[in-house]
Each structure stands twice: as structure tokens, then as C-alpha cells.
Amino acid sequence: MSLPRAITVPVEAHGRRLDVFLATQIEGVSRSRLQLLIDQGGVLVDGGRVKPSLKLRGGEQITVIGDPHPEPLKAVPEAIPLDIVYEDGDLAVVNKPAGMMVHAGSGQSEDARSRGTLVNALLHRFNALSTTGGELRPGIVHRLDKSTSGLIIVAKNDRAHAALGAMFSSRRVQKTYIALVHGSVARQKGTITAAVSRDPLRRTRMTTRPSENARSAVSHFEVVRRLATRFGKFTLLRVRIETGRTHQIRVHMASIGHPVVGDTLYGGTAQLTEQTAAGSTRSAGRKTDPDRLKLGRNFLHAAKLEFAQPITGQPLQLEAPLPVELTDFLSRLESV
């Protein structure tokens, strides 16, 4: 814990948000970390607790009583069950459930950031993991979103980690997903080549809008099944990605008007009703208690991985079936 630090707000800071102002006063600390510190009561304004969004007037006394530079987190082993699809002396392939973060993130509280992740489970399950990713990400070569289930490769040693990293960079790992999207996708097959970057206005989102920081992204899709239901039209897709950008499939499908079902960040919905199918709020009066269909996750699953074992060169082709919550959702969606 740092010693209390006093800051007098200058008159020219009038109208600025507290968190934005503090980010200019405390070097090397992110705005998100300052927001968390303020929410936890580590920052007082004129002796009282406030919100990060407080608009300053000028002349206030700010006291920083918490530590804006917390000790780096270190992942610890936890006895969390794992579905191991493949394992050898160099790597393992895990079928990650939806709802589990791959490794600790910066947006949660201190306890939440260091518990319940795939890394915690891996540390308990395996004697050794690669150290390339540091103490917070041992063994992690690539990632899946928290709300996405499916296959993820884990490196057990640094040699395998380096080789796998090179394979991902040179696009020698084939990754195939199953996605259910809103609407009827016009083409049976297609390729989306829109570059992806961080949304400048909503930092939790990615965007395909042109940006100097955009990175190339390629997604190939193929229709598996078209669904015409009382909840509306949907398309079940098989999607193979050449690149692995953050939220790539989610932002790519949204960019062509077909967001992933359950993906509320990019325009999907977590709850379907019969009114949704009708496409008009006026139709709501036709049924006072319409059927509702909920999905507490994104309908996106990393179903298949094809790559060579990084040390021996042995071809590996691994698959994970759709989890039960997704197969049940499909069944209910198509039921009369």
C-alpha cells in the first residue's frame, strides 16, 4: 500500500472526469486501473468516496490512499475439472467451456482476476507449463473469448511454445468454428477479409471500420444449415479463420449483418421471442405470453484444430462436439 498522496485540482481541470484527470497525474497507470481504484475507495475527493465519472470543478483536494501500482498477479493452481482432448509430452489440447476466462484479466477485482481461469486449472492439472507467457499466462499460446467454448492448445515447455507461436504466425494451424447467426446468409460459401482494430469509442469492442491500427483478418464461412423458425431466420455456419484477431468471427459476422446469436456486444440477442420473428412491436399484442428462448452465452464453438505436432511433425486433427447447451438450444429453436 502506498502512502497517501494529495493532489489539488487546478482551475483549468474544470469539467474533466476524475479518472481522466488522475491518468494525467499518475504516470504509468492505466485509466481502467484508476477506475478500479476509485471504485474500491482508494481515492477520496474532499475526504469522501466518489465515482470515476465525477466531473471536477477545480480546487478539490484529491487523496490517493490506495496503491495505483498493485503487485503483479500470479496465477495459482485450482482444482477445476478439465476436458483434455489430447496430450503428449509437449502440449495438451483442452476443450474449454463457455464462461471460463483463459487467463486473468484487468477488469475484475483482485480475487476475481486471479481465480477460476483456465490457467488456474492447468497449473493444478500439469506438472509443468511453458514460461514464455509469464507468470500470469503459463502455457497459453492463443486464446478464446470467455463466452466461446472449444479447443485451445496449451504448451508444456518453451520449445513447443516457440514452435507453436511460429505456426500460428505463419497460418499453419487450421481453426474451424461452428456459429449460429441471425438471419439467412445469402451465399452458401464466402470469405470476409475486413481488417480489425479496437473501436476508438467503445474500447471493449473491435471494429472493421478503416483505421491505421487495423490488422488483416480473414474468415471463410460455409452454410451448414438454414433455419426458419417461429423465432425468426437463422443460419448455422462452419467458419475457418486464417488469422486469430480479437473477436474476429464475432465482428466479421456482425459486419455483414449477421451477428452471432447471444453476442449482445455486436448486435446479437441473448433472448429470442416470437415477436422477434414477426419483426414488429405491433405483433406483440397477438400473444400475451409469447414463447421465449434464452442463451446465456455466444453461440460460437471452436470445433476443430488441424496442425502438426510442433516437435515430431505428427499430423494432428482434433475435434470437440457442440456442448449440450448449444445442441439443446438448437433443438428448442427448431421445435414446433
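Up top is the structure.
Owing to the predicted nature of the structure, the values given are computational and were not obtained by experimental measurement.

1. Regarding the overall build of the protein
Here comes step 1: Within the protein, the regular secondary structure consists of 8 helices and 17 strands.
Here comes step 2: Residues counted as buried form 45% of the 336 residues belonging to the protein.
Here comes step 3: The contacts in the protein between residues at least 6 apart in sequence include a share of 66% that link residues at least 24 apart.
Here comes step 4: Taken as a whole, the protein presents about 17000 Å² of accessible surface, with 49% of it coming from carbon and sulfur.

2. Side note on the sheet that holds strand β4 (residues 61-64)
Whenever strands of a sheet pair, they do so through backbone hydrogen bonds, lying parallel or antiparallel.
Here comes step 1: Read across the sheet, 4 strands follow the order β1-β4-β2-β3 without closing on themselves; strand pairing throughout is antiparallel. Across the chains shown, the open sheet's two edge strands, defined by having one partner strand only, are β1 (5-8) and β3 (48-49).
Here comes step 2: Examined bridge by bridge, strand β2 (residues 43-45) and β4 share 3 bridges and lie antiparallel to one another. Across the sheet, Val45 pairs through a bridge with Ile62, a residue of β4.
Here comes step 3: Contacting β1, β2 and β4, helix α1 (residues 18-25) runs over the sheet at an angle of about 110° to β1.

3. A closer look at the environment of Thr208
Here comes step 1: Mapped onto the secondary structure, Thr208 falls in the loop between β11 (206-207) and β12 (219-229).
Here comes step 2: Once residues lying within four places of it in the same chain are set aside, the contact partners of Thr208 are Ala194, Ala195, Val196, Val251, His252 and Ser255.

4. Overview of the environment of Phe168
Here comes step 1: Residue position: Phe168 is located in helix α5 (residues 158-169).
Here comes step 2: Taking the C-alpha atoms as reference, Phe168 lies 8.8 Å from Val141; in sequence the two are 27 residues apart.
Here comes step 3: Leave out the neighbours within four places in its chain, and Phe168 touches Val141, His142, Ile153, Val173 and Lys175.

5. Looking at the pattern of salt bridges
Here comes step 1: Scanning the model with the defined rule gives 16 salt bridges in all.
Here comes step 2: Taking the shortest distance from any N to any O, the salt bridge between Asp291 and Arg230 comes out at 3.4 Å. Highlighted residues: Asp291 in the loop between α7 (274-278) and β15 (292-294) and Arg230 in the loop between β12 and β13 (232-241), separated in sequence by 61 residues.
Here comes step 3: Arg230 gets classed as partly exposed once you look at its relative accessible area, which sits at 28%.
Here comes step 4: Salt bridges linked by common partners bring Arg17, Asp19 and Arg31 together as one network.

6. Things to note about the pairing of strand β6 (residues 91-96)
Here comes step 1: Of all 6 residues that make up β6, 6 are buried, and the element is covered over most of its length.
Here comes step 2: Taking every second residue as pointing to the same face, both faces of β6 are buried, with Leu91, Val93 and Asn95 on one and Ala92, Val94 and Lys96 on the other.
Here comes step 3: One ladder, built from 3 bridges, connects strand β5 (residues 84-87) with β6; its direction is antiparallel. Residue pairing across strands places Glu87 opposite Ala92, the latter belonging to β6.
Here comes step 4: Counting the residues in the hairpin turn of β5 and β6 gives 3 residues.
Here comes step 5: Across 6 bridges, the pairing between β6 and strand β7 (residues 149-155) is antiparallel.

7. Observations regarding helix α8 (residues 324-334)
Here comes step 1: What α8 keeps buried is the set Leu326, Phe329, Leu330 and Leu333. The arc that holds every buried residue of α8, seen down its axis, measures 100°, which confines them to one face.
Here comes step 2: For α8, the elements touching its buried residues are β8 (174-182), β12, β13, β14 (271-273), β15 and β16 (300-308).

8. Notes on unusual backbone geometry
Here comes step 1: Notably, Arg171 is not glycine yet its phi reads approximately 60°, a positive angle.
Here comes step 2: With respect to the helices, strands and loops of the structure, Arg171 is situated in the loop between α5 and β8.
Here comes step 3: We note that His247 has phi near 60°; this positive angle belongs to a residue other than glycine.
Here comes step 4: Inspection of the secondary structure assignment puts His247 in the loop between β13 and α6 (248-255).

9. Structural notes on the packing of α1 against helix α2 (residues 31-39)
Between two packed helices, both the angle of their axes relative to each other and the distance between the axes serve to describe the pair.
Here comes step 1: Packing of α1 against α2 brings their axes to within 9 Å, and their N-to-C directions diverge by 120°. Between α1 and α2, the angle falls in the class oblique. Crossing handedness for the pair α1 and α2: right-handed. Here Leu18, Asp19, Val20, Leu22 and Ala23 of α1 lie close against α2, whose contacting residues are Arg31, Leu34, Gln35 and Ile38.
Here comes step 2: Of the residues belonging to the contact of α1 with α2, the class tally is 6 nonpolar, 1 polar and 2 charged.

So, how was this worked out
Residues numbered from 1 in each chain as written. Predicted model: local features only at pLDDT ≥ 70, side-chain atom pairs only at ≥ 80, totals over all residues. Heavy atoms only, no water. Helix = DSSP H or I, 4+ residues; strand = E, 2+ residues; numbered from the N terminus. Buried < 20%, exposed > 50% of the residue type's maximum accessible area, 1.4 Å probe, protein only. Contact = heavy atoms within 4.5 Å. Areas by Shrake-Rupley, 256 points an atom, 1.4 Å probe, with all protein chains shown as cover. Pairing = 2+ DSSP bridges. Axes fitted to C-alpha atoms, helices over the stretch in contact; angles between N-to-C directions. Salt bridge = Lys/Arg side-chain N within 4 Å of Asp/Glu carboxyl O. Arc of directions from axis to C-beta. Parallel < 35°, antiparallel > 145°, perpendicular 65-115°, else oblique. Left-handed = near helix turned anticlockwise from the far one by under 90°. Nonpolar A, V, L, I, M, F, W, Y, C, P; charged D, E, K, R; others polar.

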